[in-house]
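# Descriptive analysis of the structure
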Amino acid sequence: MASTERPNWAPESIDLDRPNAARIYDYLLGGAANFAQDRVFADKLLEVMPEAGPAARLNRAFLRRAVRFCVESGIRQFIDIGSGIPTAGNVHEIAQRMDPSCRVLYVDSEPVAVTHSELMLRGNDRAGTLRADLVEPDAILRSDEALRLIDFAEPVAVLMVAVLHFIPDSSAPHAAVTEYVSTMAPGSYLVLSHGVEPPSSDRAEEVEQLYQRSANPGVRRSPDDIARFFTGLDLVEPGLVWTPQWRPELPDDVGEHPEASLVYAGVARKL
């Protein structure tokens, strides 16, 4: 699709000529809510790092397992921040299949993600969507949709899956996560996944340079930096691990090289 061919679902505010993380992720997952420049970017990324495609799918599989875990642990309300463009196995689909009373608030700063979520959620009064930025907790937690859907006196699962590695330290992401955690009732869960800083190599530098030309430059963080997001929380077993290692459905799902997933994941409980 050429940049001049704006579909009717694409808000006028978006720049079709600049790749965007949510739309690139959509393409890697096999979705159709992306544009020519997103696909060009993703194809270049796959040339440099072929495991990026499987890594996206492994991250999505972690999300599904984590949501099921939360519902099994008694959680009936979810805030999915950086939810992205809807694809198969969305949070409300998983949670409400297990218990129709579950409520879900989707939050994203990308207009295409919000537009598609609104279309998907028509007629579902137990789910809603909000355009907002993760680093502005008050705008999310005090929004009308949050107040309609979420009872902060009860446990809630806050999901930040594959989003924090697009937020630079200058935007104080650790402080923002701390604010969300402080709002959560005891018994709540933080679900998080984050790309891991690759070893120093020409390939890592090439990937970084590629993302610098996108709307969402990536941020390198070490495992210790990622673990800091869980400060004050109780990590559930197996702790902070590669995505396929987090409670796999079958032992063979982990594979011989879980590090090829490129992403660490963990779930932690607020005591």
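See the structure above.
Rules behind the numbers
- Residues numbered from 1 in each chain as written.
- Predicted model: local features only at pLDDT ≥ 70, side-chain atom pairs only at ≥ 80, totals over all residues.
- Heavy atoms only, no water.
- Phe/Tyr/Trp six-rings, centres within 6.5 Å; stacked < 30°, edge-to-face > 60°.
- Helix = DSSP H or I, 4+ residues; strand = E, 2+ residues; numbered from the N terminus.
- Buried < 20%, exposed > 50% of the residue type's maximum accessible area, 1.4 Å probe, protein only.
- Pairing = 2+ DSSP bridges.
- Salt bridge = Lys/Arg side-chain N within 4 Å of Asp/Glu carboxyl O.
- Right-handed = clockwise from strand over helix to strand, strands pointing away.
- Axes fitted to C-alpha atoms, helices over the stretch in contact; angles between N-to-C directions.
- Left-handed = near helix turned anticlockwise from the far one by under 90°.
- Contact = heavy atoms within 4.5 Å.
- Nonpolar A, V, L, I, M, F, W, Y, C, P; charged D, E, K, R; others polar.
- Polar contact = N/O pair within 3.5 Å; in protein donor to acceptor, adjacent residues only side chain to side chain.

## Focus on the packing of aromatic side chains
Two aromatic rings are characterised by how far apart their centres lie and by the angle between their planes. Inspection of the entire model under this criterion finds four aromatic pairs. Between the aromatic rings of Phe 62 and Trp 246, the centroid separation amounts to 5.6 Å while the plane-to-plane angle is 85°, which identifies the pairing as edge-to-face. Residue Phe 62 is found in helix H3 (residues 52-72), and its partner Trp 246 is found in the loop between strand S7 (241-242) and strand S8 (263-269); the two are separated by 184 residues along the sequence. Each member of the pair, Phe 62 together with Trp 246, is buried. Aromatic pair Trp 242 and Tyr 264: ring centres 4.5 Å apart, planes at 75°, arrangement edge-to-face. Residue Trp 242 is found in strand S7, and its partner Tyr 264 is found in strand S8; the two are separated by 22 residues along the sequence.

## Quick notes on the pairing of strand S5 (residues 189-195)
Across the seven residues of S5, seven count as buried, placing the element largely inside the fold. Both faces of S5 are covered, namely the face carrying Tyr 189, Val 191, Ser 193 and Gly 195 and the face carrying Leu 190, Leu 192 and His 194. Of the strand pairs in this sheet, strand S4 (residues 157-161) and S5 are connected by five bridges, and their pairing is parallel. Note on S5: the bridge partner recorded for Leu 159 is Val 191.

## Some details on the pattern of salt bridges
All chains considered together, the criterion is met by seven salt bridges. Put simply, Arg 68 and Glu 249 hold a salt bridge, and the shortest N to O gap is 2.4 Å. Of this pair, Arg 68 sits in helix H3 while Glu 249 sits in the loop between S7 and S8, and the two are 181 residues apart along the sequence. Assessed through its relative accessible area of 56%, Glu 249 is described here as exposed.

## A look at the pairing of strand S3 (residues 127-131)
For S3, the buried fraction is high: four of the five residues fall into the buried class. Bridging between strand S2 (residues 103-108) and S3 involves five bridges; their strand directions are parallel. Its bridge partner being in S3, Leu 105 is matched across the sheet by Gly 128. Taking the sense of rotation as the criterion, the β-α-β connection linking S2, helix H5 (residues 111-120) and S3 turns out right-handed.

## A short note on the packing of helix H1 (residues 21-28) against helix H2 (residues 36-48)
Two numbers describe how H1 lies on H2: the axes approach to 9 Å, and their chain directions differ by 65°. Both H1 and H2 take part in a crossing whose hand is right-handed. Counting all contacts with H1, which are made through Arg 23, Ile 24, Tyr 27 and Leu 28, the residues of H2 involved are Asp 38, Arg 39, Phe 41, Ala 42, Asp 43, Leu 45 and Leu 46. When grouped by side-chain class, the residues that make up the contact of H1 with H2 number seven nonpolar, no polar and four charged.

## Observations regarding the environment of Leu 28
If you trace the backbone, Leu 28 turns up in helix H1. On the accessibility criterion, Leu 28 (12% relative accessible area) is buried. When the C-alpha atoms of Leu 28 and Asp 43 are compared, they prove to be 9.0 Å apart, with 15 residues separating the residues in sequence. In this structure, Leu 28 is in contact with Ala 42, Leu 45, Leu 46, Ala 52, Gly 53, Ala 56 and Arg 57, ignoring residues within four places of it in sequence.

## Examining unusual backbone geometry
Residues other than glycine predominantly adopt negative phi, and peptide bonds predominantly adopt the trans conformation. With omega at 10°, the peptide bond leading from Glu 237 into Pro 238 counts as cis. Within the element layout of this structure, Pro 238 appears in the loop between strand S6 (234-235) and S7. Its identity as a non-glycine residue notwithstanding, Ala 172 has a phi of 55°, on the positive side. Among the secondary structure elements, Ala 172 is positioned in the loop between S4 and helix H8 (173-183). Backbone geometry places Arg 247, a non-glycine residue, at a positive phi of 45°. Tracing the backbone shows Arg 247 in the loop between S7 and S8.

## Comments concerning the environment of Glu 179
Here Glu 179 lies in helix H8. Note: C-alpha distance between Glu 179 and Pro 137 (42 residues apart in sequence) is 6.9 Å. Here Glu 179 is in contact with Pro 137 and Asp 138, once residues within four sequence places are set aside.

## Re H1
Counting buried positions along H1 gives six out of eight residues, so the element sits mostly inside the fold. For H1, the set of buried residues is Ala 21, Ala 22, Arg 23, Ile 24, Asp 26 and Leu 28. Of the residues flanking the start of H1, the one acting as N-cap is Asn 20, its side-chain oxygen 2.9 Å from the backbone nitrogen of Ala 22. The positive-phi residue at the C-terminal boundary of H1 is Gly 30, with phi of around 90°.

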